[in-house]
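Chain by chain, the residues:
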Amino acid sequence: MHKLGLIIKREYLAKVRNKSFVIMTFLSPILMVGMVVLIAYLTKVNDSEKKVICVLNESNYFSNDFVSTESTSYVIFQDIALEAAKDSTASLGYYGLVYIPGENDLERVADRSYFYTRDAPSTSVLDGLEAIFQERIQQKRLLDLGVSAKEFAAFDDPYEINTATFSGQQNLKGINEIKAFIGGGFGYLIMMFIIIYGGFVMRSVIEEKTSRIIEVIISSVKPFQLMLGKIIGTSLAGITQFAIWIVSASLLLIAVLFIFDIDPQGLGATANLPTTSTAANMAPVAPGDATFQLYVDEFFKIPWVMLICFFVVYFVLGYLIYSSIYAAIGAAVDNETDTQQFIFPIILPLMLAIYVGFFSVFSNPHGPIAVGFSLFPLTSPIVMLMRLPGGIGEGGVPLWQLMTSIVLLIGTFMGIVWLAAKIYRVGILMYGKKPSYKELYKWLRY
């Protein structure tokens, strides 16, 4: 144990004292915050450009339907020919021209209307224009059937069925997706940490092997102790760097938002669509205060302490499993180029966990695919964290599944470390030969 502690200390100090490590530790938060601010600024600049659309209406319809909004402004042409309207729109640099022909029937007017632009129009603009025509056509059809204007105003009121658990607790639409996103965020952090710092372990082994320092080191310690020390030491350095990133990036982002008075909601802003005269007289439908409060209450009901604790457990076990494989690969090859044939099979389960986990947990967090991937050791650190925000026990992850997942992870870790140590023991002294999968299998039998 004393030798293992020395190896861990050596690996940790070697990493944190490295100039590139120090530079990236303090430079990365600046780059990340700068990217967020740049995205917010570019989004704001892009949304601030107001589209001007000309309207040439020769019919008796749509006289008051084209109402300017924050993102779109309408210019009405009167007593002008279509070709002249096109030329005027193009010469003035306006976005496009809506042409509504003079017909007596609304259906024929809509069928023969055109939207002229210099290039293909954006989907959001088309959706807004089509909504104007669609609502007017719907209104006419319903009025022809005897539906009053007041009844038409309530025609498109959305309906959501009431849901509740058998115990009487109200359910909320989309709450499973929100919880899966939260758990997926934790799982994504684990995946990125494994890929980044597992690579550090692999490169560290390759560097010592190519410099022949490894031959001196293993004369004093066992290969298993050396491998485990590298894994733990590198992971501690990574956790240190990760913690500094989170704290410094959070403080820097808050300072930037405060200094430059940037609205963080700008990233999620959407363009306002034009409204018709009928819709303009209606109050906008917004989520009720009671419903919003239910979502807030549900957010705080998420067992955050439990989630963070199990995040640490799955983080440690998942990282130890994969970093052991990275260390074995580093011992088996002579340079980083030769690692490419072995890297993809390692990353594949992580990618599978992210994508399959999202699709399966979103649709049914207790379905066979979600349960199977949350028990399989190579994917459980990510998929199980997607399910855990729902809690443990009734309505959440059954306790037996959680315990089984952890036991399988521990057993897999012990088995993979044992196999990786056998490859590591032989590979660190092998030079000048590119190993194949058949060769690695032979090493496992030594």
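Residues numbered from 1 in each chain as written. Predicted model: local features only at pLDDT ≥ 70, side-chain atom pairs only at ≥ 80, totals over all residues. Heavy atoms only, no water.

Observations concerning the environment of Val 36
Right, on to step 1. One can find Val 36 in helix H2 (residues 19–48).
Right, on to step 2. With relative accessibility at 32%, the residue Val 36 sits in the partly exposed group. (Helix = DSSP H or I, 4+ residues; strand = E, 2+ residues; numbered from the N terminus. Buried < 20%, exposed > 50% of the residue type's maximum accessible area, 1.4 Å probe, protein only.)

Brief notes about the pattern of salt bridges
Two side chains bearing opposite charge may form a pair once their charged atoms approach each other closely.
Right, on to step 1. In the structure shown here, the tally under the stated rule is eight salt bridges.
Right, on to step 2. A salt bridge links Arg 141 to Glu 107, with the nearest nitrogen and oxygen atoms 2.9 Å apart. Taken as a pair, Arg 141 in helix H5 (residues 123–144) and Glu 107 in helix H4 (residues 106–112) lie far apart in primary sequence, 34 residues in all.
Right, on to step 3. Since its relative accessible area comes to 46%, Arg 141 is described here as partly exposed. (Salt bridge = Lys/Arg side-chain N within 4 Å of Asp/Glu carboxyl O.)

Structural notes on the sheet that holds strand S2 (residues 72–77)
Right, on to step 1. Taken in spatial order, the four strands make up an open sheet running S2-S1-S3-S4, and their pairing is mixed. Because the sheet does not close on itself, it has two edges, and the strands there are S2 and strand S4 (114–117). Sheet twist, expressed as the mean angle between neighbouring strand axes with direction ignored, is 25°.
Right, on to step 2. Across four bridges, strand S3 (residues 96–100) lies against S4 in antiparallel orientation. Among the inter-strand pairings, Tyr 99 is bridged to a residue of S4, identified as Tyr 114.
Right, on to step 3. Here helix H3 (residues 82–91) sits on the sheet in contact with strand S1 (51–57), S2, S3 and S4, set at roughly 160° to S3. (Pairing = 2+ DSSP bridges. Axes fitted to C-alpha atoms, helices over the stretch in contact; angles between N-to-C directions. Contact = heavy atoms within 4.5 Å.)

A word on the packing of helix H16 (residues 399–427) against helix H17 (residues 437–444)
Right, on to step 1. Running from amino to carboxyl end, H16 crosses H17 at an angle of 100°, the nearest separation of the two axes being 8 Å. In terms of orientation, H16 and H17 fall into the roughly perpendicular class. In contact with Leu 419, Lys 422, Ile 423, Val 426 and Gly 427 of H16, H17 contributes Leu 440, Trp 443 and Leu 444.
Right, on to step 2. Taken together, the residues of the contact of H16 with H17 sort by class into six nonpolar, one polar and one charged. (Parallel < 35°, antiparallel > 145°, perpendicular 65-115°, else oblique. Nonpolar A, V, L, I, M, F, W, Y, C, P; charged D, E, K, R; others polar.)

Regarding the packing of aromatic side chains
Right, on to step 1. Per the counting criterion, the structure on display carries 10 aromatic pairs.
Right, on to step 2. Judged by centre distance (5.1 Å) and plane angle (55°), the ring pair of Phe 186 and Phe 311 falls under tilted. Placement of the pair is Phe 186 in helix H7 (residues 175–210) and Phe 311 in helix H12 (residues 304–332), with a sequence separation of 125 residues. Phe 311 carries the same exposure label as Phe 186, and that label is buried. (Phe/Tyr/Trp six-rings, centres within 6.5 Å; stacked < 30°, edge-to-face > 60°.)

Describing the environment of Gly 229
Right, on to step 1. Position of Gly 229 relative to the elements: it lies in helix H9 (residues 223–259).
Right, on to step 2. Measuring from C-alpha to C-alpha, the distance between Gly 229 and Lys 9 comes to 8.3 Å, with 220 residues separating the pair along the chain.
Right, on to step 3. When neighbours within four sequence positions are excluded, Gly 229 is seen to be in contact with Leu 4, Ile 7, Ile 8 and Glu 11.

Remarks on the confidence of the model for the protein chain
Right, on to step 1. The predicted model of the protein chain averages 78 in pLDDT, with 81% of residues at 70 or higher.
Right, on to step 2. S3 holds the highest mean pLDDT among the elements of the protein chain, 91, whereas helix H10 (residues 277–280) holds the lowest, 38.
Right, on to step 3. In this model, residues 265–288 is a region of pLDDT below 50 whose contacts with residues beyond four sequence positions or in other chains number 32 contacts. (pLDDT = per-residue confidence, 0-100.)

Notes on the side chain of Gln 139
Right, on to step 1. When you line up the elements, Gln 139 lands in helix H5.
Right, on to step 2. At a separation of 2.6 Å, a polar atom in the side chain of Gln 139 contacts the side chain of Arg 136. (Polar contact = N/O pair within 3.5 Å; in protein donor to acceptor, adjacent residues only side chain to side chain.)

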